[in-house]
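# Working through the structure, step by step
Residue strings, one per chain:
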Amino acid sequence: MSATPLLKVEDLTITFHAHEKATVAASGVSYELNSGEVLAVVGESGSGKSVSALALTQLLPSAPTCVVSGKINLEGINLLSLSEKEISRYRGKVIAYIFQDPGTSLNPVYSVEFQIAEAIKIHRPEISDVHAAVIQSLNEVRIHEPEKVAQQYPHELSGGMQQRVMIAMALACNPRILVADEPTTALDVTIQKEIIDLLAHLCRERGMSILLITHNFGIVANFANQVIVMRHGKVVEAGTAQHVLENPTHPYTRGLIACIPRLGQKRHRLTTLPTDLS
Amino acid sequence: MSTPLLEVRNLSVDYPGRAHWFFQKSIPKRAVDNVSFTIPKGKTVGLVGESGSGKSTTGKSIIRLAPCTEGQILYEGVDIGNKSNRDFLPWRKKIQMIFQDPYNSLDPRSDVLGILSEPLEIHFPDLSKADREARCIDLLKKVKLPSEYLYRYPHEFSGGQRQRIGIARALAVEPSLIICDEPVSALDVSVQAEVVNLLQDLQEQLQLTYLFIAHDLAVVEHISDHILVMSQGKIVEAGTPAQILQNPKEEYTKTLLAAVPKLS
Ligand SMILES: Nc1ncnc2c1ncn2[C@@H]1O[C@H](COP(=O)(O)OP(=O)(O)OP(=O)(O)O)[C@@H](O)[C@H]1O
Ligand SMILES: Nc1ncnc2c1ncn2[C@@H]1O[C@H](COP(=O)(O)OP(=O)(O)OP(=O)(O)O)[C@@H](O)[C@H]1O
Ligand SMILES: [Mg+2]
Ligand SMILES: [Mg+2]
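Residues numbered from 1 in each chain as written. Chains lettered and ligands numbered in written order. Predicted model: local features only at pLDDT ≥ 70, side-chain atom pairs only at ≥ 80, totals over all residues. Heavy atoms only, no water.

### Some thoughts on the overall build of chain B
Where we set the bar: Every helix listed is a DSSP run of H or I at least four residues long, and every strand listed is a run of E at least two residues long, numbered separately from the N terminus. Each radius of gyration reported is based on C-alpha atoms, and the globular scaling rule is 2.2 Å times the count of residues to the power 0.38. When a residue's accessible area, from a 1.4 Å probe over protein chains only, is under 20% of the maximum for its type it is buried; when over 50% it is exposed; and in between it is partly exposed. When checking whether two residues touch, look at their non-hydrogen atoms; a contact exists if any pair is within 4.5 Å. Note on areas: Shrake-Rupley with a 1.4 Å probe; residue coverage comes only from the protein chains shown. Positive residues here are Lys and Arg, negative ones are Asp and Glu, while His and the chain termini are left out of the count. The atom standing in for a charge is NZ when the residue is Lys, CZ when it is Arg, CG when it is Asp and CD when it is Glu.
When helices and strands are tallied, chain B shows nine helices and 10 strands. What you see for chain B is a C-alpha radius of gyration of 19 Å, in line with the 18 Å of a compact globule of 264 residues. Across its three principal directions, the C-alpha atoms of chain B cover 55 × 50 × 50 Å. Counting only residues that meet the buried cut, chain B has 57% of its 264 residues in that class. Looking at chain B alone, contacts between residues at least 24 apart form 66% of all its contacts between residues at least 6 apart. Accessible area of chain B: about 11800 Å², with a carbon and sulfur share of 50%. Computing the positive centroid from 30 side-chain charges and the negative centroid from 32, chain B places the two 4 Å apart.

Next comes the structure, spelled out in structure tokens:
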């Protein structure tokens, strides 16, 4: 496989200053994302997965509340050194997000159609029939009755429908890099599979790259090329997905894989991490 | 046979539609259609089904966040579905919900102490301020969060941390029935296992009863005594975890099982 790194993150460190103390949310994080590939980020809750991804387009609170250092290299440009005006040109068009928090992407006062149409008009001005494109994007994410859902407002949608609308909005930007932060947590396995297949298809067809934050190892195994494992703000293990899943070297990764509940193996208690680890 | 803790009888829920410029009169949307099930005290009923099938709506109607358009909701034999809001008050404390969306369900202007204290102030007005705070710290411990988080605000937390605060809040008033709407979907597998074990420990200690809505079939299989499968507002299949998972009758249940991602 021809692997050219599109995005190169080096020594990314993120510190929050609040409540009279400094919290290091990410420390020395480095990874490479190749064109047309999927890099999965797994790890403990609170380990810095989301904040590391938000830092890519300077979406974190500004200094002094939050201090970010390191390099984020995209085709020779350090994204961290860009001004607000310059980086805003990257948001959506080059790097689009499916946020973990639906409230960050969905505006409660606008209909679904209005919000997706907005993204299409900005990022794909060549499209003339915007309504048709909106309906098509809802179809792509397997929304039933897209004409009807297009007229609805976010609070009228179920959790899984909200999540798919966010995915449709991010894809409507036709980005080169998609950051997907827990994109399928609210979806049942059948739709989850269809969404993942859709994303894989877009990687192949459009050469889109995906930074996928997930705690679902099934998705990592079936979909990711590379994987990094995070813990306490640090990358503790990295490699190809197959290698990390089959031969985890760090005890934390091993513990994590042992925690995965498996269908048809009903036990009295679920396995947790040994206490000296957690 | 003793009365179950919860019995839902022929429940239907309509959401009011918006008036359409052409049709003029609004057409209500039926989100839950003639659903019946029971949950015995101290047991867990798992609720699975496709997205938009009415799972959250079913849960919400039990605590009146969605209307009970038709049918009855019986708590220890008393119909609470058709009571006025005022008459419902005694049940507010007994039935709690852990919400699917941990972002919208926490007040952004309140720190964790405020979020956890509020229900305590309402339902245990006799507690002193110090006792209340001690309880809040204890609740954080239960969901594996350090006590210093008491003074943080929701936006300062990761997704999984926020979900655990939602769980702590539901536990605060010592309910008998908890409606768990995707309580562990936002959690990594290690925290997920801890929270599921915690819910089971609490169930044993306090005889808690759960309606457990989730997508992860392995988790549902693990925690449930009985499973319901919903599709398009109706319950299409019901049985023990073994019956549902080893011998599914409905086409939807079969596709659901076939789509579970395999590890290798
Ligand atoms: N605005 C903020 N102010 C202060 N601390 C923050 C802020 N945002 C995040 N944090 C802290 O930074 C750490 C990393 O958070 P992050 O959201 O990246 O975790 P995560 O790995 O995405 O976890 P999860 O799987 O639970 O979503 C957490 O301990 C969190 O409490
Ligand atoms: N406030 C509302 N107004 C109008 N329609 C609504 C409202 N809330 C939910 N609905 C509709 O009711 C149906 C059932 O929604 P519900 O949230 O119960 O689904 P769910 O089974 O929980 O799905 P998910 O797994 O995606 O969370 C959906 O079609 C949804 O669009
Ligand atoms: Mg996160
Ligand atoms: Mg729901």
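### Concerning the coordination of the magnesium ion (ligand 3)
Keep this limit in mind: In this description, a donor is an N, O or S atom within 2.8 Å of the metal centre, a cutoff extended to 3.2 Å for sodium, potassium and calcium. Water is not part of the atom list, which can make sites seem incomplete.
Every protein donor of the magnesium ion (ligand 3) is listed here as Ser50 of chain A (OG) and Gln100 of chain A (OE1), and their distances to the metal cover 2.0 to 2.2 Å. Of the two residues, serine 50 of chain A sits in helix 1 (residues 49-54) while glutamine 100 of chain A sits in the loop between strand 6 (95-98) and helix 3 (102-105), which places them 50 residues apart along the sequence.

### As for the environment of lysine 249 of chain B
Residue and element names in this part refer to chain B. Locating lysine 249 in the fold gives a position in the loop between helix 8 (241-246) and helix 9 (251-258). With a relative accessible area of 60%, lysine 249 lands in the exposed category. Linking lysine 249 and glutamate 76, residues 173 residues apart in sequence, is a C-alpha distance of 31 Å. In contact with lysine 249, other than residues within four places in its own chain, are Glu237 and Lys254.

### Remarks on the packing of helix 7 (residues 159-172) of chain A against helix 8 (residues 189-206) of chain A
Residue and element names in this part refer to chain A. As a reminder, the rule being used: Each axis is a line fitted through C-alpha atoms, taken for helices only over the stretch in contact, and angles between the N-to-C directions span 0 to 180 degrees. Note on terminology: angles under 35 degrees are roughly parallel, angles over 145 are roughly antiparallel, angles of 65 to 115 are roughly perpendicular, and the others are oblique. Here the nonpolar group is Ala, Val, Leu, Ile, Met, Phe, Trp, Tyr, Cys and Pro; Asp, Glu, Lys and Arg are the charged ones; every other residue, Gly included, is treated as polar.
Their axes nearest at 12 Å, the elements helix 7 and helix 8 cross at an angle of 5 degrees. In terms of axis orientation, helix 7 runs roughly parallel to helix 8. For the pair helix 7 and helix 8, contact is made by Arg164, Ile167 and Leu171 and by Ile191, Ile195, Leu198, Leu199, Leu202 and Arg206, respectively. A per-class count over the contact of helix 7 with helix 8 returns seven nonpolar, no polar and two charged.

### What about the site of ligand 1?
Selection criterion: For this purpose, a residue is taken to be near a molecule or strand whenever a single non-hydrogen atom of the residue falls within 4 Å of it. The term polar contact refers here to a pair of N or O atoms within 3.5 Å; inside protein, the definition further demands a hydrogen-donor-capable atom paired with an acceptor-capable atom, and it admits residues adjacent in sequence only when both atoms are side-chain atoms.
The full set close to ligand 1 counts 19 residues, and Ser45, Gly46 and Ser50 of chain A together with Ser158 and Gly160 of chain B are the nearest of them. Here glycine 48 of chain A contributes a backbone N or O atom positioned 3.0 Å from an oxygen atom of ligand 1. Glutamine 100 of chain A has a polar side-chain atom sitting 3.0 Å from an oxygen atom of ligand 1. Relative to its free-state accessible area of 640 Å², ligand 1 is covered by the protein chains to the extent of 93%. Mapped by element, the contributors of at least two residues to the shell around ligand 1 are helix 1 of chain A together with helix 5 (159-172) of chain B. Counted by class, the shell around ligand 1 contains four nonpolar, 11 polar and four charged residues.

### Topic: the coordination of the magnesium ion (ligand 4)
Residues and elements named next belong to chain B. Surrounding the magnesium ion (ligand 4) are the protein donor atoms Ser56 (OG) and Gln100 (OE1), which sit 2.0 to 2.3 Å from the metal. Here serine 56, found in helix 1 (residues 55-62), pairs with glutamine 100, found in the loop between strand 6 (95-98) and helix 3 (112-123); they are 44 residues apart in sequence, far enough to count as distant. Given the relative accessible area of 17%, serine 56 is considered buried.

### Overview of the pairing of strand 7 (residues 177-181) of chain B
Residue and element names in this part refer to chain B. Keep this limit in mind: Any two strands with at least two DSSP-identified bridges between them are counted as paired.
Of all the five residues making up strand 7, five are buried; the element is thus mostly covered by neighbouring parts of the structure. A two-sided burial pattern is seen for strand 7, the buried positions comprising Leu177, Ile179 and Asp181 on one face and Ile178 and Cys180 on the other. Relative to strand 7, strand 6 is paired through four bridges, and the arrangement is parallel. Counted as the bridge partner of glutamine 96 is isoleucine 178 from strand 7.

### Topic: the sheet that holds strand 2 (residues 29-39) of chain B
Two orientations exist for strands paired in a sheet by backbone hydrogen bonds: parallel and antiparallel. Residue and element names in this part refer to chain B. Taken together, the four strands give an open sheet; going across it, the order is 2-1-4-5, and neighbouring strands pair in antiparallel fashion. Of all strands in the sheet, those with a lone pairing partner are strand 2 and strand 5 (78-79), marking the two edges. In terms of strand pairing, strand 1 (residues 6-15) meets strand 4 (residues 70-75) through five bridges, oriented antiparallel. From the neighbouring strand, serine 12 faces strand 4, where its bridge partner is glutamate 70.

### Brief notes about the confidence of the model for chain A
For the record, the criterion: Each residue gets a pLDDT score, which is the predictor's confidence in that residue and runs from 0 to 100.
Here chain A averages 91 in pLDDT, while 96% of its residues score no lower than 70. Model confidence for chain A, summarised as mean pLDDT per element, is weakest for helix 3 of chain A at 77 and strongest for strand 4 (residues 66-74) of chain A at 97.

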